[in-house]
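One letter stands for each residue in the lines below.
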Amino acid sequence: MLDDFFTRAILAGIGVALTAGPLGCFVVWRRMAYFGDTMAHSALLGVALSLFFQINLLLSVFGVAVAVSLLLLGLQRRQSLSADALLGILSHSALAIGLVLVAFMSWVRIDLIAFLFGDILAVTPGDLALIWGGGAVVLFGVALMWRPLIASTVSEEIAEAEGMKPERTRLVFMLLMALVIAIAMKIVGIMLITALLIIPAATARRFAASPEWMAVAASALGVLAVVGGLFGSLHYDTPSGPSIVVAALLLFIVSLLPGMGKPAAGRAANTGVRG
Amino acid sequence: MTVDNGVFEKMHQVMKRPNDRSEEQLVCLTNAGISRDGRWLVRGVDLTIRRGEVVTLIGPNGAGKSTTARLAIGVLKPDEGSVERSTGLRIGYVPQKLSIDWTMPLSVRRLLRLTSPLAERDVMAALEATGIAHLADAEVRHLSGGEFQRALLARAIARKPDLMVLDEPVQGVDFAGEAALYELIQSIRRSTGCGILMISHDLHMVMAGTDTVICLNGHICCRGTPETVSQSSDYMKLFGGSARSLAVYNHHHDHTHLPDGRVEHSDGSITDHCHPDDGHHHTDHGHAGHDHGAHEHGGHAHPVAKAAEGDRNHA
């Protein structure tokens, strides 16, 4: 019963979920959900530019996401507006400019819904290679930078004082985020990328006793959500992105049920897993 | 954790006889200053920390204590002057504020390994020294304020740093624990010979365990051994009126606060309050030696000018 396109979609989805897990944890720990949203929304601008200049879609989306995150860092330094307001401005402006540009290009016909909410039919063998290749780069980067990433998430001051380079760490993190957004776009769609980052991570929090385990659990839960969501999408003929997010949400709700997750706070001292 | 009086005596001896084992400079600030939005946070700071030396920064809120510490460790860059650190300097830093997002599952054991891999032996030794070995596997977010502070101190210690920078290291620690942690800091200095830059509001503790006190107020207003600083007029100006707590440790009180909030004076009379001008206080008395114990001054306010005048006479 597995058509070829569906196998590709499943494989692509698993690749995306594995990559999104650890990064999603950092998004949650660093309280960067809105930041991730802003980068994801800017992806549509990347799509528009890719069509206009006829350049590679993945590269274009990656480039725009990086540019937006750098712009945001620059604006935050000035401290003229709160980060919150800046994110709101950048997020929706990037999305709006992307939509307007696409509308101007009357000569191209694109399926906007597919970009916004994901389309399992759209995954080509080439995409699959890019997703797994890009995903491997992201996971390798995260593994390589793990200690500095964790340290600067806990305290940039301590990291800096004790010989790390939190500025560089933050930059690497942005690049990895941009890459994840570029490869996740086809599967979950621009509007819902952040959900795939955050929901599995939030679910994993209930089961994890260390940052390392939380990252692994987030990946595993993401894979579960992707597989469940895609089967649902195939079965009910629903868009793939929302189906995956609904599956992730169901897992999250299950994790909230009493009796799930780790022992209660009072006993945590005696049962923690060594990190 | 217990405090051994004998150790305290040894500590005093060490303090009186500055460590001559090594004169190696760890950090040297020369005329360092930093400005934000056209305002100098601190300026003209000259400060050297040598191996085995304890330097304590004191000063009122906003004096630039934390800023100076952050200049010393390189978190902030000076806009004026220079900061030199010896090459390969290993720093252990306890920041003044640290909030860890509760969504990060971080055990105490893992917190200690935040910036460098450590041997299990060193981790446990640091946790035992700070009195929280039983919390090794506890999640950081479940710790009380004092326990968290101990964990942060343990983290700095376990790294075996050349220089420890402690920004109010015992905030939130209970009264008995405070003395024990200060003693611990001293014993680490003795056993490892590391330099220590400390920021503290516990002036009596500062006086007991510090080689050099630097009194900051946007600039260095006075410096020296605890004895000389506590007698300097700049220091009196800064702390005489504003820090009633200092006076508690510098002089004896002439009245006692009763459990019901009333005040018993040295002549045996009892009043509802203890205003300096209520006739029970005498600025020229010889202190009668009443003990305030662990009592707080929170329940009443002294008119500031009068209190300041009184304190200056007391000291």
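Residues numbered from 1 in each chain as written. Chains lettered and ligands numbered in written order. Predicted model: local features only at pLDDT ≥ 70, side-chain atom pairs only at ≥ 80, totals over all residues.

K.L.:
Please set out the interface of chain B and chain A residue by residue, giving values where relevant.
P.N.:
Contacts between chain B and chain A engage 24 residues on the former and 27 residues on the latter. Those elements that provide at least two residues to the side of chain B that touches chain A are β5 (91-94) and α3 (108-112) of chain B. For the side of chain B that touches chain A, the per-class residue count stands at 14 nonpolar, 5 polar and 5 charged. (Contact = placed C-beta atoms within 7 Å. Helix = DSSP H or I, 4+ residues; strand = E, 2+ residues; numbered from the N terminus. Nonpolar A, V, L, I, M, F, W, Y, C, P; charged D, E, K, R; others polar.)

K.L.:
Got a sec to walk through the sheet that holds strand β6 (residues 163-167) of chain B? Specific residues and values, please.
P.N.:
Residue and element names in this part refer to chain B. With mixed pairing, 6 strands are arranged side by side in an open sheet as β5-β6-β7-β3-β8-β9. Looking at strand neighbours, the two that pair on one side only are β5 and β9 (220-224), the edges of this open sheet. Looking at each pair of strands side by side, their axes are set apart by 10° on average, direction ignored. With 4 bridges connecting them, β5 and β6 associate as parallel partners. Among the inter-strand pairings, Tyr93 is bridged to a residue of β6, identified as Val165. (Pairing = 2+ DSSP bridges. Axes fitted to C-alpha atoms, helices over the stretch in contact; angles between N-to-C directions.)

K.L.:
Account for the sheet that holds strand β4 (residues 80-85) of chain B, naming residues and giving values.
P.N.:
Residues and elements named next belong to chain B. Strand order in the open sheet formed by 3 strands is β2-β1-β4, and the pairing between neighbours is antiparallel. On the outer flanks of this sheet lie β2 (39-50) and β4, each paired with one strand and no other. Each neighbouring strand pair of the sheet contributes to a mean axis angle of 15°, computed without reference to strand direction. Sheet topology places strand β1 (residues 25-36) next to β2; 8 bridges connect them, and they run antiparallel. Within β2, the position partnered with Ser35 by the bridge is Trp40. Strands in contact with helix α2 (residues 65-73) are β1, β2 and β4; relative to β1, the strand with the most contacts, it is inclined by about 125°.

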